[in-house]
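Each chain, written out:
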Amino acid sequence: MAYTLPDLGYSFDALEPHIDAKTMEIHHDKHHQAYTDKLNAAIEGKSDLESKSAEALISDLAAVPADIRTAVRNNGGGYVNHSLFWKVISPGGASAPSGDLAEAIDKAFGSFEDFKKKFADAGAGQFGSGWAWLCKKSDGSLCVGSTANQDNPIMGEEFGGCGGTPILGLDVWEHAYYLNYQNKRPAYIDAFWNVVNWDVVSENFKA
């Protein structure tokens, strides 16, 4: 297989009470595993695709044969998006940005609080399933946007987002929050800020 499910890196209950253990277990072991399995099935036997990183694969969908392109888009996106998500919500890191990242946030959005509102609005306003993103653009500036389903901004502007490479992502599919929050997506987004690991986001920004 080209891709394997990444380890969560912490216990399922590590983010409680903000994200419950059962949601984390189902989300990681069932949903992310399914994206992994279906992506591998789609590209099985295609050595040119199997040799690429998942990010390289979804960032050049035009190079993927048309008959499997939708499967790669959906499941490759799901694989990449969740691989980032587990890291940026990991426990034990900084609870707020600092240094160069904090300066970039202030420059782009006015303040950290203004950024949080814009990001939350992107997540709450995404119709149906999707993601909210904080992205770093090629000029080093930051932007906030959202994508539908499992699309990722690195797929290209036609897939949504705001351009650039995601350094922070929020899953707003119902499977990410429904056990605890039911249809109250804004409450889930409020809770999200309690589990963001800003050390990881800062590393993503520097990279």
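Residues numbered from 1 in each chain as written. Predicted model: local features only at pLDDT ≥ 70, side-chain atom pairs only at ≥ 80, totals over all residues. Heavy atoms only, no water.

1. So, the overall build of the protein
- Counting its regular elements, the protein contains 9 helices and 3 strands.
- Along the protein, helices and strands appear, N-terminal first, in the series α-α-α-α-α-α-β-β-β-α-α-α.
- By the compact-globule yardstick of 17 Å for 207 residues, the protein fits well, its C-alpha radius of gyration being 16 Å.
- Overall, the C-alpha framework of the protein stretches about 50 × 40 × 30 Å when taken along its three principal axes.
- Across the 207 residues of the protein, 48% fall into the buried class.
- A separation threshold of at least 6 residues defines the contact pool for the protein, and within that pool the share at least 24 residues apart is 66%.
- Per element, the accessible surface of the protein, about 9,600 Å² overall, is 48% carbon and sulfur.
- For the protein, the separation between the mean place of its 17 positive charges and that of its 28 negative charges on side chains is 4 Å. (Helix = DSSP H or I, 4+ residues; strand = E, 2+ residues; numbered from the N terminus. Rg over C-alpha atoms; globule rule 2.2 N^0.38 Å. Buried < 20%, exposed > 50% of the residue type's maximum accessible area, 1.4 Å probe, protein only. Contact = heavy atoms within 4.5 Å. Areas by Shrake-Rupley, 256 points an atom, 1.4 Å probe, with all protein chains shown as cover. Lys, Arg positive; Asp, Glu negative; His and termini not counted. Charge placed at Lys NZ, Arg CZ, Asp CG, Glu CD.)

2. Concerning the pattern of salt bridges
- Going through the model one piece at a time under the given rule, you end up with 4 salt bridges.
- With a closest N to O distance of 3.7 Å, glutamate 113 and lysine 116 form a salt bridge. Of this pair, glutamate 113 and lysine 116 both sit in helix 6 (residues 112-125), 3 residues apart, roughly one helical turn.
- Look at glutamate 113 and you get exposed, because its relative accessible area is 51%.
- Between lysine 117 and aspartate 121 there is a salt bridge, with the nearest N and O atoms lying 2.9 Å from each other. Here lysine 117 pairs with aspartate 121, and both are found in helix 6, just 4 residues apart, close to one helical turn.
- Overall, aspartate 121 belongs to the partly exposed group, its relative accessible area being 42%. (Salt bridge = Lys/Arg side-chain N within 4 Å of Asp/Glu carboxyl O.)

3. With respect to the state of the cysteines
- One pass over the full model with this rule turns up 1 disulfide.
- Note on cysteine connectivity: cysteine 143 is disulfide-linked to cysteine 162, with sulfurs 2.1 Å apart. Its S-S torsion of about 75° marks the bond between cysteine 143 and cysteine 162 as right-handed, since a negative value means left-handed. Placement of cysteine 143 in strand 2 (residues 142-148) and of cysteine 162 in the loop between strand 2 and strand 3 (165-171) is noted, with a sequence separation of 19 residues between them.
- Using a relative accessible area of 9% as the deciding quantity, one classes cysteine 143 as buried.
- Not part of a disulfide, cysteine 135 finds its nearest cysteine sulfur in cysteine 162, a span of 4.1 Å.
- For cysteine 135, a relative accessible area of 0% gives the class buried. (Disulfide = S-S within 2.5 Å.)

4. Here we look at helix 5 (residues 99-109)
- Along helix 5, the positions that sit buried rather than exposed are Leu101, Ala102, Ala104, Ile105 and Phe109. Buried residues of helix 5 fall within an arc of 160° about the axis and therefore sit on the same side. The exposed set on the far side of helix 5, more than 90 degrees from its buried face, consists of Asp100, Glu103 and Lys107.
- Contacts made by the buried residues of helix 5 are with helix 6, strand 1 (130-136), strand 2, strand 3 and helix 9 (198-206).
- Downstream of helix 5 by a residue or two, glycine 110 has a phi angle that is positive, lying close to 100°. (Arc of directions from axis to C-beta.)

5. Let's talk about the UniProt feature "domain: Manganese/iron superoxide dismutase N-terminal" (unreviewed entry) in the protein
- Summarizing the sequence annotation, UniProt attributes the feature "domain: Manganese/iron superoxide dismutase N-terminal" (unreviewed entry) to residues 3-89 in the numbering used throughout.
- Annotation note: span residues 3-89, helix share 63%, strand share 0%, distance between end C-alpha atoms 22 Å. (UniProt positions renumbered as here; feature names shortened; annotations may be inferred.)

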